[in-house]
Amino acid sequence: MLVVMQHGATQAQIDRVARVIEEMGYQARPMPGEQRTAVGLVGNDGRVDASRIEALEGVAEVIHVSKPYKQVSREWQPQNTVVTIAPGVSFGGHDVAIIAGPCSVESEHQIVTAARAVRAAGASALRGGAFKPRSSPYAFQGLGKKGLEMLAVAKRETGLPIVTEALDEEGAHLVAEIADCIQIGARNMQNYSLLRAVGRIGKPVLLKRGMAATITDLLMSAEYILAEGNSQVILCERGIRSFDTTTRNLFDLTAIPVVQKLSHLPMIADPSHGTGLRDKVTPMARAAIAAGADGVIVEVHPTPDRALSDGGQSLYPEQFARLVTEIRAIASAIGRSVLPTPGTAPVTVG
Ligand code: PEP
Ligand code: MN
């Protein structure tokens, strides 16, 4: 439930509304806006007596949020949330952001080489998994803590902020020590205790859509993170399972405008896992930006043929550099631009 205050309501009136909400056993989230302040009521169990709040001085109206997710919805917050993972690196604003790097961290040399290449091409953040959620227990599981240390070296060398996955609560605390954004992968999208844990940690979170999750499921999972007080959540379409095995997944391009209408959170796309095929990554990355995505996350490897995971869907650095140039042109055609790489001047498209 959302309590909208009158234009010009006093701070004392806003505080009184918040106090009454707390007295009723719920949490109050005051949200100052440009025109007027709203106070969100969190923990609504369907038994809230709205008349008690409506009668308070300074209250303009009480809005019942109809969706199973509340704080994530555009009803709750009409304006976009901008998630800033590092100085100058934001998602959900005017510019689109590009995260790139290998599927897994394999060695210090590999991740530093990849970081230098994606930075030179125009990426705004580095990806690379240290804890890998592999379908087979016999596949490469990632370098764990050592991998995190290598990511820290790559960050020091290039200045790129780090996006890397956590598989469980213990790992999330380790990841939070070096990462600028904690990735929750498709397989863990409905791991509710992990979602609550990253909500409490409070760092930006990249939440990927589960491979058999509806859009409502994705938004309800994001709600778990916001319910813990962390609104720094970036959503990601990464393809869903379908009957057709021609591509690894069915990349749901429509999810981008659908989510952006339902939620104020930034929405990016992962055309690498979305297609699973190197030559399909570029067309789908272009399409995602054209569809309005707030960014893309793309797998790039210095030597994809020798990659320990997802080599077949990883771009060669030259292919990625070409893709960034194309994304710049597409972004410009729809009135946006690509975020400048941290520490560099913006590139203008002629
Ligand atoms: C990844 O980003 O490397 C990954 C495992 O992605 P997903 O969770 O979307 O499968
Ligand atoms: Mn991968």
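This text goes with the structure placed above it.
What comes next is a walk through the structure. (Residues numbered from 1 in each chain as written. Chains lettered and ligands numbered in written order. Predicted model: local features only at pLDDT ≥ 70, side-chain atom pairs only at ≥ 80, totals over all residues. Heavy atoms only, no water.)

Considering the site of ligand 1
Then, in step 1: Near ligand 1 you find 13 residues, and of these Arg-127, Lys-132, Ala-186, Lys-208 and Arg-238 are the closest.
Then, in step 2: Within the side chain of Lys-132, a nitrogen or oxygen atom sits 2.9 Å from an oxygen atom of ligand 1.
Then, in step 3: Here an oxygen atom of ligand 1 sits 3.0 Å away from a polar atom, N or O, in the side chain of Arg-187.
Then, in step 4: In isolation ligand 1 exposes 290 Å². Once the protein is present, 97% of that is buried.
Then, in step 5: Here the residues of the shell around ligand 1 are counted per class, giving three nonpolar, three polar and seven charged. (Near = heavy atom within 4 Å. Polar contact = N/O pair within 3.5 Å; in protein donor to acceptor, adjacent residues only side chain to side chain. Areas by Shrake-Rupley, 256 points an atom, 1.4 Å probe, with all protein chains shown as cover. Nonpolar A, V, L, I, M, F, W, Y, C, P; charged D, E, K, R; others polar.)

Quick look at the coordination of the manganese ion (ligand 2)
Then, in step 1: Ligation of the manganese ion (ligand 2) by protein atoms is provided by Cys-103 (SG), His-273 (NE2), Glu-299 (OE) and Asp-310 (OD), these donors lying 2.0 to 2.4 Å from the ion.
Then, in step 2: Written as a sequence motif, the donor residues of the manganese ion (ligand 2) are C-x169-H-x25-E-x10-D. Residue Cys-103 is found in the loop between β7 (95-101) and α3 (108-121), and its partner His-273 is found in helix α9 (residues 271-275); the two are separated by 170 residues along the sequence. When sorted by exposure, Cys-103 lands in the same class as His-273, which is buried. (Donors = N, O, S within 2.8 Å, 3.2 Å for Na, K, Ca; no water. Helix = DSSP H or I, 4+ residues; strand = E, 2+ residues; numbered from the N terminus. Buried < 20%, exposed > 50% of the residue type's maximum accessible area, 1.4 Å probe, protein only.)

Structural notes on the pairing of strand β1 (residues 2-5)
Then, in step 1: Covered by surrounding structure in β1 are Leu-2 and Val-4 together with Val-3 and Met-5, the residues of both alternating faces.
Then, in step 2: Both β1 and strand β4 (residues 59-63) contribute to a ladder of four bridges, which runs antiparallel. Note that in β4 the partner of Val-3 across the bridge is Val-62.
Then, in step 3: Direction of pairing for β1 relative to strand β3 (residues 38-42): antiparallel, over a ladder of three bridges. Within the sheet, the bridge partner assigned to Val-4 lies in β3 and is Ala-38. (Pairing = 2+ DSSP bridges.)

Everything listed here is a matter of geometry and, on its own, says nothing about what the molecule does.
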